[in-house]
Structures are given as C-alpha cells and as structure tokens.
Amino acid sequence: MRTIQFEQIVSAVEGLCIQANTIIGDDVLKALQKARDTEESPIGQTILGHILENDAIAATEAVPVCQDTGMAVVFVTIGQEVYIEGGALGEAIHEGVRRGYEKGYLRKSIVKDPLERVNTGDNTPAVIHYDIVPGDKLHILVAPKGFGSENMSSLKMFKPADGVEAVKKFVVQTVENAGPNPCPPIIVGVGLGGTMEKAAILAKRAVVRHLGHHNEKPHLAALEKELLEKVNQLGIGPQGLGGRTTALAVNIESYPTHIAGLPCAVNINCHVARHAEIEL
Amino acid sequence: MKRAIRLTTPLTQEMLRELKAGDSVLISGTVYTGRDAAHKRMVEALDRGEELPFDVKDQVIYYVGPCPAKPGQVIGSAGPTTSYRMDSYAPRLIEKGLTGMIGKGLRNADVVNAMKEHGAVYMVAIGGAGALIARTIKEAKVIAYDDLGTEAVREMVVEDFPAIVCIDAEGNNLYEQGKLQYRQD
Ligand code: SF4
C-alpha cells in the first residue's frame, strides 16, 4: 500500500485547472501554426494568427485562453495499491476544482440543476471518470470542457449492417451541422463500440489525446486520416468563415461491443483543446 | 484581407449601409454585454411593458460572459459566446432599434429577417480568443442584473475591438459564402 494525502490531491487538481485553462499544449500550438501556414483563405489565415497570438498572451499573462473555462472533466486512473488518507478521492477532486477556479480567476459556469439553473458559484461539481488499475500510482487528467463545442456533440446507435460507411457519414454530418458554432478549427473525438455511455466516454477520451498520435489499430488510424480529409473538404474553415482548416484532428477510440450494435459517439472540441495531467 | 473599417458606436442606420458581409471592422466606443439569462429578462421586461436597462436604439450588444478580472485587469478573458441561444430574443431587441450584435455561430431565419426589416448587422469575433479581445476592452461596469454574475449586463468601452461582418443588413451571409467558396465535393 502506498499512501497519498487528501491535500496533495487537492493542490494537484487546483494547479491542473489553472494550467489547463491558461496554457495550450505544444501539440496544439504546432498544429495551429501548420494550419496558419497552409490555410488558403486570407480571413482564415488572419484568424489562425490571432488565435496563436491569443494563446501566447494567455500563457505569458497567466489568464484564461477562453472565457468559457468549462466544466471540469477529470479522468482518474488509480492503482489499487493506493490508499488515500484524509478524505474521499472524489471530494479531493471537487475541492481542487473549487480552489483552482477561484484562485485562477476562472469563470464559474456550472448550474446546480439542469432545469432550475442556479449557479453553484464555484464551478463544482466536476465530472469524474475513474479507472482502477494495478499498481500504486495515481494519474489525474483535467480537461475543462467548453459548451460551445460540447453542445455540438452527438451520438447514434447504428445497426451492425450500417457499418463503417454510416459511421463516416455521421461524423462528417455532425461536423457539418456544427458549422461555426464550436469555434473551428476543432478536434473531433469519435467513440466506437461498447454501450451507449461507453461510446460517449471513449469520444471524450479521444478529444483529449495528444495531437499527432494515432489509433494503434491500423484500420482505425486509416479511418482517422480519411475522416480528417473529408471534414476539411467541407469548407467550413477557421471560425466557420470559409477555408481548409475545419479540424486539426479526428481521433477515434474503440471498445468491443455487442453482436447487435454499433454505438458511435462524436464529441467536438474547439481549438482551445485543454488538458493537463499529473502522476502522483 | 481588405483593410479593416473603423467603426465608432452608436451604430446608425447610415453607417450600417456601408457594412458588407466579409468586412473586417475595428469597433470603438460603448457596447453592451448580454447573454442567455440577461436576454430572457430583457424580453420579459418588454412583455410587461417595462423599460429595458439601457436604450437599445443604435446600440451594439456583445454576447459574452467574461471571466472575473484579475487584480489590475479591467475584465478577464472575454471572447464571444454562441449566438443561436439568443435567437429567440434578438428580434424583439432589433425591433426596438438595436443595430449591432457581436457573437459567433449561426443565426436563424427570424433573426436575419428582423435584421433586414429593421436594419441591423451581425458581426462575429474570434471564439477562443478571449485573452486577446480583453485587451481592447478599456472600461467595464455592470449596469443591470448584477445577481446573474458573469451573465449580468455590462456597459463597456472598447477600442479597436476586432470583428468581422458576417451577416449584413441585406442578409448577405459570410458563413454561407465562405463555405461555398472552399467546399470540395
Ligand atoms: S467552444 Fe471553445 S473556444 Fe469557443 S467559446 Fe467555447 S470554450 Fe471557447
């Protein structure tokens, strides 16, 4: 057994919330630079330049890249030999989010009840996904999710006979329907297989993957490439004002599924692709 | 890209006629903020026959819910929010004389029709560039619905706020034109 203190988790999550919201990763910056250099639309090029300038200001001044600092999505991978002393793991994460959003001057965007809509005032609760694995490490990934893009996500339960063609059409159609709303260039996360909720979580996993990495399965890596080309032929472009750069990446994650089903979830993320992680 | 047109608010009908979809603009002067909850309240006030918290005639509303200001800042990051959520309210304000909206994303036919009928433009700012945009905001104060926090109505003074005319008062739409131009079937 290895002991990790409650407070240590709180301060790690606090730091991750601030870091994720102010510093865009090198992988995303590189993709944006490449897009700026290759974009054919003059307006699109200017926009990509402004986005890069914005991301540089945010990092140097430690201010949020975007005012929608999101709902905190937290992926926790905990080794089964870890013992947490001083309180519950979930509470440590919520407390870390509470402190991070306060200290980082981040926007509080969470309402307590989806229908009554009163702000909780501290951006809690977070949405937490747990994985229990062998070992004695605790890995935490914080991915604040803005809702301009979250609202453009979609899920469909296909029949096995519908096959890959239906999946392709659905992904491209979801991006087309979203148009300018999710602040393109976007990152498209696709979850294939499992059950309904598993597909949605896989799609979320897919959007937080580092850019430049592809699915290990060759047929899915090929599908990622093909879908990226298709999506970028739509003409939506930076901010939807026309151009070649609609998406920076299409990432697919998959899981075994039932003989009768082909669940497919598409999660859309904006260019403000935030994620920060730590291993304790 | 063409050179940007400098605009100083209030935005009169005469000025609107010069603005065409695809124009880059740099806005200076007073603009007001409002998003979902504030729009709901404003339209409810109109329904009850009450006055709006500010006279919307020839004014510009920016759809934004800013971050809290850090010490020394006028306002925290302040980029546009998605406009379609204001679509059910916007025509009422356009009828009352509102001439400019700044946001991002698609508008529905009711909004575009109201814009054409009464004269208004829809401008877009870069979504996800809130840190850059905040630098052009020189003053900000809450003038109504303080209890809504980030969603309160603010009166802001901006200087060279960058935006692009997306839908002009004739209904020309850069989202449609731009996409068509770069689409590869
Ligand atoms: S979709 Fe992303 S970039 Fe656009 S406003 Fe929301 S969080 Fe910001």
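Residues numbered from 1 in each chain as written. Chains lettered and ligands numbered in written order. Predicted model: local features only at pLDDT ≥ 70, side-chain atom pairs only at ≥ 80, totals over all residues. Heavy atoms only, no water.

## Description of the overall build of chain A
Our working definition: Only DSSP runs of H or I reaching four residues or more are called helices, and only runs of E reaching two or more are called strands; each is numbered from the N terminus. In this setup the radius of gyration rests on C-alpha atoms only. A globule is expected at 2.2 Å times the number of residues raised to 0.38. Partly exposed residues are those whose accessible area sits between 20% and 50% of the maximum for their type, while under 20% is buried and over 50% is exposed, using a 1.4 Å probe and protein chains only. Contact definition: two residues touch when any of their heavy atoms are within 4.5 Å. Throughout, the Shrake-Rupley method with a 1.4 Å probe supplies accessible areas, and for residues the shown protein chains are the sole cover considered. Only four residue types enter the charge count, namely Lys and Arg as positive and Asp and Glu as negative; His and the chain termini do not. Charge coordinates come from a single atom per side chain, which is NZ of Lys, CZ of Arg, CG of Asp or CD of Glu.
Secondary structure summary: chain A contains 8 helices and 10 strands in total. Relative to the 2.2 N^0.38 estimate, which gives 19 Å for 280 residues, the radius of gyration of chain A is 19 Å and therefore close to what a compact globule would have. For chain A, the spread of C-alpha atoms along the principal axes amounts to about 55 × 50 × 40 Å. Each of the 280 residues in chain A was classed as buried or not, and the buried ones make up 56%. Taking as baseline every contact in chain A between residues at least 6 positions apart, the subset at least 24 positions apart corresponds to 81%. In the structure as shown, chain A presents an accessible area of about 11,700 Å², 55% of it carried by carbon and sulfur atoms. Here chain A contributes 26 positively and 33 negatively charged side chains, and the mean placements of these two sets differ by 4 Å.

## Digging into the interface of chain B and chain A
Defined as follows: Summed over both partners, the accessible area lost on bringing two parts together, with a 1.4 Å probe, is the buried area. Salt bridge, as used here, is a side-chain nitrogen of Lys or Arg placed within 4 Å of a carboxyl oxygen of Asp or Glu. Any N or O atom pair separated by 3.5 Å or less is treated as a polar contact, with the protein-specific requirement of one donor-capable and one acceptor-capable atom, and with residues adjacent in sequence counted only for side-chain atom pairs. Amino acids are sorted into nonpolar (Ala, Val, Leu, Ile, Met, Phe, Trp, Tyr, Cys and Pro), charged (Asp, Glu, Lys and Arg) and polar (every other residue, Gly among them).
At the junction of the two partners, chain B supplies 40 residues and chain A supplies 46 residues. Between chain B and chain A the total buried area reaches about 3,500 Å² when both faces are included, carbon and sulfur atoms providing 59% of it. Scanning the region where chain B abuts chain A turns up 3 salt bridges. When the shortest N-O distance is used, the salt bridge between B:Arg135 and A:Glu61 registers 2.6 Å. Along the contact surface separating chain B from chain A lie 21 residue pairs in polar contact (both at pLDDT 80 or more). Mapped onto the side of chain B that touches chain A, the elements with two or more residues apiece are α5 (130-134), β7 (153-167) and α6 (174-182) of chain B. Take the side of chain B that touches chain A: its biggest share by element is 5 residues, from α6(B). Considered class by class, the residues forming the side of chain B that touches chain A number 21 nonpolar, 13 polar and 6 charged.

## A few points about the nonpolar core
Using the following cut-off: Think of a nonpolar core as a cluster: buried Ala, Val, Leu, Ile, Met, Phe, Trp, Tyr and Cys residues, connected wherever their side-chain atoms sit within 4.5 Å. For the purposes of this description, domain bounds are those given by an automatic or database domain assignment.
Counting residues in each nonpolar core, the largest one holds 90 residues, and the members touching the most others are A:Leu241, B:Ile27, B:Met101, B:Met123 and B:Phe161. The biggest single contributor to this core is β7(B), with 9 residues. Residues from two domains meet in this core; each of domain 1 (2-20 + 65-145) and domain 2 (148-273) of chain A gives at least three. Counting residues in hydrophobic clusters, the runner-up holds 28 residues, among them A:Val10, A:Ala92, A:Tyr101 and A:Ile128.

## A look at the site of the ligand
To keep things clear, this is the line we draw: Consider each residue's heavy atoms; a residue with any of them within 4 Å of a molecule or strand counts as near.
Residues in close proximity to the ligand total 15 residues, the closest being A:Cys66, A:Cys183, A:Cys270, A:Arg274 and B:Gly128. Residues close to the ligand are split across chains A and B. Its residues assigned to classes, the shell around the ligand shows 6 nonpolar, 6 polar and 3 charged. Viewed by domain, the shell around the ligand spans two of them, domain 1 (2-20 + 65-145) and domain 2 (148-273) of chain A, each represented by three or more residues.

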